[in-house]
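# Survey of secondary and tertiary structure
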Amino acid sequence: MSQIQAPITQDVLTIPRKLPEGARNLVGLTRPLLREALIEIGTPEKQAKMRVNQLWQWIYHWGVRDFAQMTNLAKDFRANLAENFTIELPEIVSKNVSADGTRKYLVKIAGGHEVEVVYIPETDRGTLCVSSQVGCTLTCSFCHTGTQKLVRNLTPGEIVGQIMLVRDDLGEWPEPGTGTGENGPRLLSNIVLMGMGEPLYNFEGVRDAMKIAMDGEGIALSRRRITLSTSGVVPEIARAAEEIGCLLAVSFHATTDEVRDKLVPINKRWNIETLLDALREYPRLSNSERITFEYVMLKGVNDSDEDARRLVRLIKGIPAKINLIPFNEWPGSPYERSDWSRIEAFADIVHKAGYASPIRTPRGEDIMAACGQLKSATERARKSRAEIAKEAGV
Ligand code: SAH
Ligand code: SF4
C-alpha cells in the first residue's frame, strides 16, 4: 500500500527591487528589438551587433541580472545600461513540491495577475510546462483553466521569464565565462506550452519567447524539445510551423463533431475535418516528425472501443503519437476519469493500429499541478458552476 506524503509548501520571499524610473525590461526582446533599444540609448550602429551578442550571452546564457557584473563591457556603457534598462523576471510567489518531485510555481506578473508554471522531473529529462495567457478565452468543459476568464496575454518576457526563473530555482545557469557549447544533460531540457492559455491565441508572444529560448547563444533549447499544444486554432497552425517550427500537440479528445463540440467548443468554428487537414500539412511545413494527439479519457463520454477505432481511422496517414490523459478532476468538474481497464483497452486498440499510445501518468496531483488543474486562485472573474455545466451540455 502506498503511503501518501503531504506535499511540501514553501513560500519564496522576494524582496522588491527599486527600479530606475521608466527603465525598460530587456527580458523578452528579440535580437532585432534589443538592437533597436541599444541604439536608442546611443550605442553606435556599428557596435550594436557586437553589444547585442555580449548582452545576450550574459542574460540568456549565464543568467546574470546585474549590469555591473558584465565585465567584458566598458564601465560607462554598463552605467548607461543600468540607467535605462532592467533585467527583470516575473516574481515567484510560492512554490509547491509534490511527493513525486513535481514543482509548481505560482508566479506574479505585472498588474498583480498570477500564472502557474510546472516543472516535471523524469529520469531522462526535465519538462517545464509553461503558461501563455492568464486564464483562457476558450471554454473546454473538462479544463479547470477554462473556467477562468481570460485576463490577458503574457508578454514574451513573461513567457521566457518562466523558463529563466525555474533555471534559477534549479541552479542551472553555467558559470560566467564558460562557453555556449553543449554542456551535458540538463535538468530543464524540454518545454511544453501546455500550461494556462491557448498559445496560438497569443501567437507573437509565444513565437518571440520561443525564438529567444531556441537561440543557440543563450538558453539554446532545440526546437525538437519544445512542444506547443493547441486546442485547434486552425488558421495559426501553418504559421506556427513556419515561424516557430517546434513540435505540435493537439487537444483532440473526441472522434465525432458532436462530442468534440461539447468538449472543445472551438470545434464549432473549425471542425474535426478542417483540423485534420491543417495537421496533415504540419510535419512537412515544419520539417518535424509526428504530431502528438492528446486525448483526455472521460468516463462514458469519449472512451469506447468504437471511439478508439474511429480515432485510428481519422488520423490515417498522419505521423502521430496518441497521448492518453486520464482525466484530472478539479472542484466542480462535470466529468469522471475513465476506469483504468477502459483506458488500457483503448490504448491497446490504438497501439495495435501502429501508433504509440502512452498513458500519461498524472504528475503533481497532490498539489493540483496536473494537466488541466491549473488556475490561479486569486483571479476573481470566474465562471459559475452553472455556466460550466451549460457549456459542457451536461
Ligand atoms: N490550451 C492548450 C494548452 C493547454 S492545456 C490546449 O488546449 O491544447 C494542456 C492539455 O491538458 C490539453 O491537452 C488539455 O486538453 C489537457 N487538459 C485540460 N484539462 C484537463 C483535465 N482536467 N484532465 C486532463 N487533461 C486536461
Ligand atoms: Fe483553454 Fe486549453 Fe483549457 Fe481549452 S484545454 S480551456 S484551450 S487551456
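Predicted, not measured: the structure shown is a model, and the values here were computed from it.

All right, on to the site of ligand 1 then. Close contacts around ligand 1 come from 22 residues, with Gly197, Ser229, Ser251, His253 and Asn328 the closest. Within the backbone of Phe142, a nitrogen or oxygen atom sits 2.9 Å from a nitrogen atom of ligand 1. The protein chains hide 96% of the 540 Å² of surface that ligand 1 would expose on its own. In terms of residue class, the shell around ligand 1 is built from 11 nonpolar, 9 polar and 2 charged.

End to end, helix H10 (residues 340-352) covers 18 Å across 13 residues, agreeing with the expected 18 Å (1.5 Å per residue, within 8%). All buried positions along H10 are accounted for by Ile343, Phe346, Ala347 and Val350. Down the axis of H10, the smallest arc covering the buried residues is 100°, so these residues share one side. Opposite the packed face of H10, turned more than 90 degrees from it, sit the exposed residues Ser341 and Lys352. Buried residues along H10 sit in contact with strand S13 (291-297), helix H9 (305-314) and strand S14 (320-326).

We now examine the packing of helix H4 (residues 156-170) against helix H5 (residues 203-214). Direction vectors running N to C along H4 and H5 enclose 40°, while the axes themselves pass 8 Å from each other. Classed by the angle they form, the pair H4 and H5 counts as oblique. Here H4 runs over H5; the crossing is right-handed. Here Pro156, Ile159, Val160 and Ile163 of H4 come into contact with H5, specifically with Gly205, Val206, Asp208, Ala209, Met210, Ile212 and Ala213.

Before going further, it helps to examine the pairing of strand S5 (residues 103-108). Pairing geometry for strand S4 (residues 91-97) and S5, over 6 bridges, is antiparallel. Opposite Asn96, over in S5, you have Lys104 as the bridge partner. Hairpin remark: S4 followed by S5, antiparallel, with 5 residues in the connecting loop; positive phi at Gly101, about 95°. Note that S5 and strand S6 (residues 114-121) share 6 bridges and pair antiparallel. Each residue of the ladder has a partner; that of Lys108, found in S6, is Glu114. The hairpin formed by S5 and S6 contains 5 residues between the paired strands, and Gly111 there has a positive phi angle of roughly 90°.

The next subject is the UniProt feature "binding site: S-adenosyl-L-methionine" (unreviewed entry) in the protein. The UniProt record annotates "binding site: S-adenosyl-L-methionine" (unreviewed entry) at Gly197, Glu198, Ser229, Ser251, Phe252, His253 and Asn328. Residue position: Glu198 is located in the loop between strand S10 (190-193) and H5. Sequence-distant contacts of Glu198, that is, excluding residues within four places in its chain, are made with Ser132, Gln133, Cys136, Leu138, Ser229, Thr230, Ser231 and Val233. Residue position: Asn328 is located in the loop between S14 and H10.

The next subject is the site of ligand 2. Every residue lining ligand 2 is accounted for by Cys136, Leu138, Cys140, Cys143, Gly146, Gly197 and Ser231. Within the shell around ligand 2, the residues separate by chemical class into 4 nonpolar, 3 polar and no charged.

Quick look at the environment of Ile163 now. Within the element layout of this structure, Ile163 appears in helix H4. A relative accessible area of 0% places Ile163 in the buried class. When the C-alpha atoms of Ile163 and Tyr119 are compared, they prove to be 9.7 Å apart, with 44 residues separating the residues in sequence. Contacts of Ile163, omitting those with residues within four sequence positions, involve Leu128, Val130, Leu188, Ile191, Met210, Ala213 and Ile219.

Moving on, we get to the packing of aromatic side chains. One pass over the structure, following the stated rule, counts 5 aromatic pairs. For the ring pair Trp56 and Tyr60, a centre distance of 4.6 Å and an interplane angle of 55° mean the geometry is tilted. Of this pair, Trp56 and Tyr60 both sit in helix H2 (residues 45-61), 4 residues apart, which is roughly one turn of the helix. With relative accessibility at 1%, the residue Trp56 sits in the buried group. In this structure Tyr60 comes out as buried when scored by relative accessible area, which is 1%.

The rules behind these values
Residues numbered from 1 in each chain as written. Chains lettered and ligands numbered in written order. Predicted model: local features only at pLDDT ≥ 70, side-chain atom pairs only at ≥ 80, totals over all residues. Heavy atoms only, no water. Near = heavy atom within 4 Å. Polar contact = N/O pair within 3.5 Å; in protein donor to acceptor, adjacent residues only side chain to side chain. Areas by Shrake-Rupley, 256 points an atom, 1.4 Å probe, with all protein chains shown as cover. Nonpolar A, V, L, I, M, F, W, Y, C, P; charged D, E, K, R; others polar. Helix = DSSP H or I, 4+ residues; strand = E, 2+ residues; numbered from the N terminus. Expected span 1.5 Å × (residues − 1). Buried < 20%, exposed > 50% of the residue type's maximum accessible area, 1.4 Å probe, protein only. Arc of directions from axis to C-beta. Contact = heavy atoms within 4.5 Å. Axes fitted to C-alpha atoms, helices over the stretch in contact; angles between N-to-C directions. Parallel < 35°, antiparallel > 145°, perpendicular 65-115°, else oblique. Left-handed = near helix turned anticlockwise from the far one by under 90°. Pairing = 2+ DSSP bridges. UniProt positions renumbered as here; feature names shortened; annotations may be inferred. Phe/Tyr/Trp six-rings, centres within 6.5 Å; stacked < 30°, edge-to-face > 60°.

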